[in-house]
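Summary of structural features
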Amino acid sequence: MTARNPIGVHALVWVGGTRPDEIAEAVRRTRAAGFDLLELSLHEMEVLDVAETRRALQDAGLQVACSRGLAFDADVSSDDPEVVARGAAILQDSLEVVAGLGGSVLTGALYSALGKYGRPLTSAGRANVVAVLRDLAREAAGRDVTLGLEICNRYETNVINTARDALRLADDIGEDNVMIHLDTYHMNIEESDFVTPVLEVGDRLGYVHIGENHRGYLGSGSIDFPAFFHALATIGFDGPITFESFSSAVVSPTLSNDLAVWRSLWTDGDDLARRAHQFIETHLAAAASISA
Ligand code: MN
């Protein structure tokens, strides 16, 4: 690996929301734990003070990435035009926030609600995803923002569950600023292994979430991280690698329920995050030592 990957942390390791006091705390602790990037969920973007957050991030020398899913009553994968329009409006507002924060990444389940669907995606619903995300991508390009398609497991979406699903969707959207976002937690449920999807995605990989199979301490579960980091080294991935971990110790009134965060997997976010940063750096260096 030639360039150094920015290493990020999801704000839900620190705080449940994005009010100014919560942002200040997340920024302080992200920096103290040695990360380069803070990922903010836009689930409650109405309470986010965009100008103040931008200033706080800049003062701390942190990059930002934004993520979100949609909701069942505002879902661009629906067959109902009104539901699709509500989803599209939320994505437009989210793009405004990303640009206002000075960010260049909007990723997540931009293509559906974050939750268990009771039936497969319809062809009309998929066509709506393609049309909405194509328009959004064209607008995002003018603001130097890249859209990520985060591949999520079957209990959180019915639109894209595997790397191949995501590549097909990105092909159909057909815009250069749409990239693929892999997450080891979801890969563990849906993919055959931790190498093949990375090689299939190749230079279209734009963002990575590192999470254990239970989303607790890295190294305390069953994910084959050496294989995954070797695969990243093989494709020369130099994009952001963001640690994602959730515990009932830190609760967002909305996002925690969407993500089914019922268990307490840790209580000390500072210890968790410090060790995660070290874990990611160690695996990057180990993989680089072989591929060099
Ligand atoms: Mn994720």
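Attention in this report is confined to the structure presented alongside it. Throughout, a residue's number is its position along its own chain's written sequence, starting from 1. Local features in a predicted model are, by the rule used here, given only for residues with pLDDT of at least 70; side-chain atom pairs are given and counted only at 80 or more, and totals for whole chains, interfaces and linings are based on all residues. The side-chain numbers reported here are obtained from all heavy atoms of the structure, hydrogens and water having been left aside.

**What about the overall build of the protein?**
Along the protein, the regular secondary structure elements total ten helices and eight strands. If one aligns the C-alpha atoms of the protein with their principal axes, the spans along those axes are about 50 × 40 × 40 Å. Burial status follows relative accessibility: with a 1.4 Å probe on protein chains alone, a residue under 20% of its type maximum counts as buried, one over 50% as exposed, and anything between as partly exposed. Out of the 292 residues belonging to the protein, those deemed buried represent 58%. Whether two residues are in contact is decided by their heavy atoms: any pair within 4.5 Å suffices. Expressed as a percentage of contacts within the protein between residues at least 6 apart in sequence, the contacts between residues at least 24 apart total 77%. What counts as a helix is a DSSP run of H or I of at least four residues, what counts as a strand is a run of E of at least two, and both are numbered from the N terminus.

**Focus on the pattern of salt bridges**
In the sections that follow, a salt bridge refers to a side-chain nitrogen of Lys or Arg positioned within 4 Å of a carboxyl oxygen of Asp or Glu. Tallying each qualifying case throughout the model produces 17 salt bridges. Ionic pairing is found between Asp-271 and Arg-274, a salt bridge with its closest N-O pair at 3.8 Å. Here Arg-274 and Asp-271 lie together in helix H10 (residues 269-291), a separation of three residues that amounts to about one turn. In this structure Asp-271 comes out as buried when scored by relative accessible area, which is 18%.

**Observations concerning helix H4 (residues 123-141)**
Here the expected span of a helix is defined as 1.5 Å times the quantity of residues minus one. The terminal C-alpha atoms of H4, which comprises 19 residues, lie 27 Å apart, in line with the 27 Å expected from a rise of 1.5 Å per residue. Those residues of H4 that fall on the buried side of the exposure criterion are Gly-125, Val-129, Val-130, Val-132, Leu-133, Leu-136, Ala-137 and Ala-140. Here the buried face of H4 lies against helix H3 (81-101), strand E4 (105-113), strand E5 (146-150), helix H5 (163-173) and strand E6 (178-183).

**So, H5**
Within H5, the full set of buried residues consists of Ala-163, Ala-166, Leu-167, Leu-169, Ala-170 and Ile-173. Each buried residue of H5 lies within a common arc of 165° when the element is viewed along its axis, so the set occupies one face. Phi for Gly-174, located one or two positions after H5, is positive at around 75°. Picture the helix axis, draw a direction to every C-beta atom, and the arc is the one those directions span.

**Examining the pairing of E5**
Counting buried positions over the five residues of E5 gives four, a clear majority of the element. One ladder, built from two bridges, connects E4 with E5; its direction is parallel. Bridging across to E5, Val-105 finds its partner in Thr-146. Pairing between strands requires that DSSP locate at least two bridges from one strand to the other. Across four bridges, the pairing between E5 and E6 is parallel. In the strand pairing of E6, Leu-147 is matched with Val-178. The handedness rule is simple: strands pointing away from the viewer, and a clockwise path from the first strand over the helix to the second, make the crossover right-handed. Since E5 and E6 lie parallel, the crossover through H5 that links them has a hand, and here it is right-handed.

**Some details on the sheet that holds E6**
Read around the closed barrel, eight strands run E1-E2-E3-E4-E5-E6-E7-E8, paired in parallel fashion. For this sheet, the mean angle separating the axes of adjacent strands, direction not counted, is 30°. Of the strand pairs in this sheet, strand E3 (residues 63-70) and E4 are connected by five bridges, and their pairing is parallel. Note on E4: the bridge partner recorded for Ser-67 is Thr-107. Helix axes are fitted only over the stretch in contact, all axes being lines through C-alpha atoms; the angle between N-to-C directions runs from 0 to 180 degrees. Along the sheet, H10 makes contact with strand E1 (7-10), strand E7 (205-210) and strand E8 (241-243), crossing E8 at roughly 150°.

**Some thoughts on the pairing of E7**
In terms of burial, E7 is a largely internal element, six of the six residues being buried. Bridge count between E6 and E7: four bridges; the pairing is parallel. Its bridge partner lying in E7, Ile-180 is registered against Leu-205. Pairing of E7 with E8 involves three bridges; the strand directions are parallel.

The values are spatial; any link to function lies outside them.
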